[in-house]
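The residues making up each chain are set out below.
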Amino acid sequence: MSASPTPRIAVYPGSFDPITRGHEDLIRRARSFADRVIVAVAVNVSKQPLFTLEERVALINQAVADPSVQVQAFDGLLADFARRAGATVIVRGLRAVSDFEYEFQMALMNRNLAPGVETVFLVPAYDLTYLSSSLVREVARFGGDVSALVHPAVRQALTQKFGR
Ligand code: PNS
């Protein structure tokens, strides 16, 4: 009897402040080649986040109902987290040329830190390419309709944050 193959684990890291339909689309795409996807929520993000770590994790869990997708917070280096998680792939989305330089630098540094872990860039669904958490926050802050851009639980959380 042959041993069952090692499951392919992909880590999808980010701030997820908050998760958008674009992130959800990328998680689904990552599932097409990974047995398990770990959505890795960065504890320390560069700017003061709108949502706490606990809120960001809870919203992802509400937006993504797939037993093959786990949500974990991580502190410190992504490369260390990916190695500890047994991941072979780091997934990042590329929306536009403007994303490229930062993503390229990050991919090279992560490969330097964790040589066995490859970064894979995924292209989001065409109608979601313009979407980002920061745009969603801004539209919601000024009372715009974000219902097509985020899961209903996220829309509700934004409404509560901004009292609109
Ligand atoms: O959603 P974001 O803000 O673009 O995600 C960026 C994130 C969290 C993936 C990146 O800042 C990160 O990996 N932070 C962890 C610290 C780290 O490993 N930094 C070096 C990256 S080469």
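In this text the structure is predicted, and so the values were computed from the model without any measurement.

## Side note on the environment of V69
Residue position: V69 is located in strand β3 (residues 69–74). Residues V69 and L158, 89 residues apart in the sequence, show an inter-C-alpha distance of 24 Å. Beyond its immediate chain neighbours, meaning those up to four positions away, V69 contacts I27, R31, V37, V39 and V64.

## Some thoughts on the nonpolar core
Grouped together as the largest cluster of nonpolar side chains are 36 residues, with contacts concentrated most on I19, V39, I60, V91 and L158. If sequence neighbours within four positions are ignored, I19 has contacts with E24, I27, L59, I60, A63, V64, V150 and V154.

## Re the packing of aromatic side chains
In this structure the tally under the stated criterion is three aromatic pairs. Judged by centre distance (5.3 Å) and plane angle (80°), the ring pair of Y12 and F16 falls under edge-to-face. A relative accessible area of 2% means that F16 is categorised as buried. The interplanar angle of 35° and the centroid separation of 5.4 Å between the aromatic rings of F74 and F81 together place this pair among those described as tilted. F81 shares its class with F74; the two are buried.

Each value, and the rule that gives it
Residues numbered from 1 in each chain as written. Predicted model: local features only at pLDDT ≥ 70, side-chain atom pairs only at ≥ 80, totals over all residues. Heavy atoms only, no water. Helix = DSSP H or I, 4+ residues; strand = E, 2+ residues; numbered from the N terminus. Contact = heavy atoms within 4.5 Å. Core = buried A, V, L, I, M, F, W, Y, C linked by side-chain atoms within 4.5 Å. Buried < 20%, exposed > 50% of the residue type's maximum accessible area, 1.4 Å probe, protein only. Phe/Tyr/Trp six-rings, centres within 6.5 Å; stacked < 30°, edge-to-face > 60°.

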